[in-house]
Every structure is written in C-alpha cells, then in structure tokens.
Amino acid sequence: VREGATADGVRALVQVERPDVLLIDLTTAGSLDTTREWLDLLVALHADPQTRSIRPVVLIDREAHVATRVQLELLPISPTILDEPLDGTTLKRVLARLSSSPRATPVRVLVGDDDPLVFKFVMSVLPPDQYIVQHAATGAEVLRAVDAQHFDALLLDVRMPEQSGYAVIRSV
C-alpha cells in the first residue's frame, strides 16, 4: 500500500459516488500514521458541505489503541463505532439505521474476495429481496464486473491474489 493511497482513493471516490454510508475498517490500518490519515479524511468529509451528509461507520479492534478510541470520540463528525469481530446482524442493523431512505430497487453489492465463504456469509445476512449480491474472486474480475455494470457497494478483500483490494480501489 502506498502512503495515503487508500484514504486518498476513498476521498476521490466519495466526491463522485456520494454514498449514504462510508464504512472504514481501521483494523487493517497497520500504523498510527495510517489511522491518522483515515481520521483526517473523516474531518475533511465533515467540513465539506457536499460530503457532510455521509454517515461514517468505523470498525475497530476490541483491543484498539486507547488513543484511537479517544480520537474517534473527539471528531466533529461522530462516527458510528463498531468493534470487531462483527456479526452480520449488527452490520445489517447499523446499515439499515443509517441508510437515508427506502429504495425502490435492491442494493447491488459486489463481493471481491478469493474466499467463497466470505461471499456465502454476505449472502446469508443480506435479504435477497433488498440486495443483489455478486461475487468476484480476483481483482481483475472485480474490475471487469464494475466496468460492465453499476454497484452500490463494493466489499473488497485487501489481500486478494494478483491484485489487492487497495489496488482495485485505486483503479476504480
């Protein structure tokens, strides 16, 4: 991962896509500097009138550094904080609560992960009448799928073979 690539990539993506909810997984941040980049992104999104309405959800490890928890609590944006491990029911409940309005069409989700069990898990927790879930096992498959059709959400494994989830985000 290049320094700042993930937070900068998300910053560019939210300017175009304008999601209702932004899920940030700090369990994979790797360093306090990377965590700081994500926290800075949250502050910048809150400061920008065009992205202020995005509701952040931050996933942290149960044993997260105390400083990270304090920094999250002090942010002007007040993200929803979830502890890992996260179960599907909790994730579904939080996303439903934060979504802006009921949709007339199902949410289209692409799961990019080389482990088929992750796809099966996502399928098991998202109701089929509200979500259309597709699977791509490699970064290249994710990029082909995104080129072919629109997805409302991408759930990406950061350690896919051939091309990481980070590389996919930079390409999107």
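The following paragraphs examine the structure supplied in this document. Small disclaimer: the values here were computed from a predicted structure and weren't measured.

Let's shift gears to helix α4 (residues 88-98). In an α-helix, one turn spans 3.6 residues, which is why side chains three or four residues apart end up on the same side. Looking only at α4, the buried set comprises G88, T90, V94 and L98. The buried residues of α4 all sit within an arc of 165 degrees when viewed along its axis, so they share a single face. Those residues of α4 that are exposed and angled more than 90 degrees off the buried face are T89, R93 and A96. Packing partners of the buried residues in α4 comprise β1 (21-25), β2 (55-61), β3 (80-84) and α5 (116-125).

One open sheet holds the 3 strands; their spatial order is β5-β4-β6, and the pairing between them is parallel. Here the strands that pair on one side only, and so sit at the sheet edges, are β5 (131-136) and β6 (153-156). On average, each strand axis in the sheet is tilted by 20 degrees relative to the strand beside it, whichever way the strands run. Across 4 bridges, the pairing between strand β4 (residues 107-112) and β6 is parallel. Bridged to L110 within β6 is L154.

Of all the 6 residues making up β4, 5 are buried; the element is thus mostly covered by neighbouring parts of the structure. Two elements, β4 and β5, share 6 bridges in a ladder whose sense is parallel. Among the inter-strand pairings, L110 is bridged to a residue of β5, identified as Q134. A crossover connection joins β4 to the parallel β5 through α5; in handedness this β-α-β unit is right-handed.

In this section: the packing of aromatic side chains. Tallying each qualifying case throughout the model produces 0 aromatic pairs. Seen from the ring of F151, R108 lies directly overhead, with NZ or CZ sitting 5.5 Å from the centre.

With that settled, the discussion passes to the pairing of β2. Counted residue by residue, β2 has 5 buried out of 7 residues, so it is predominantly covered. In this fold, the crossover linking β1 to β2 by way of helix α2 (residues 32-47) has right-handed handedness. The pairing of β2 with β3 spans 5 bridges and is classified as parallel. Residue pairing for β3: I60 is matched across the bridge by D83.

Basis of the calculations
- Residues numbered from 1 in each chain as written.
- Predicted model: local features only at pLDDT ≥ 70, side-chain atom pairs only at ≥ 80, totals over all residues.
- Heavy atoms only, no water.
- Buried < 20%, exposed > 50% of the residue type's maximum accessible area, 1.4 Å probe, protein only.
- Helix = DSSP H or I, 4+ residues; strand = E, 2+ residues; numbered from the N terminus.
- Arc of directions from axis to C-beta.
- Contact = heavy atoms within 4.5 Å.
- Pairing = 2+ DSSP bridges.
- Axes fitted to C-alpha atoms, helices over the stretch in contact; angles between N-to-C directions.
- Right-handed = clockwise from strand over helix to strand, strands pointing away.
- Phe/Tyr/Trp six-rings, centres within 6.5 Å; stacked < 30°, edge-to-face > 60°.
- Lys NZ or Arg CZ within 6 Å of the ring centre and 35° of its normal.

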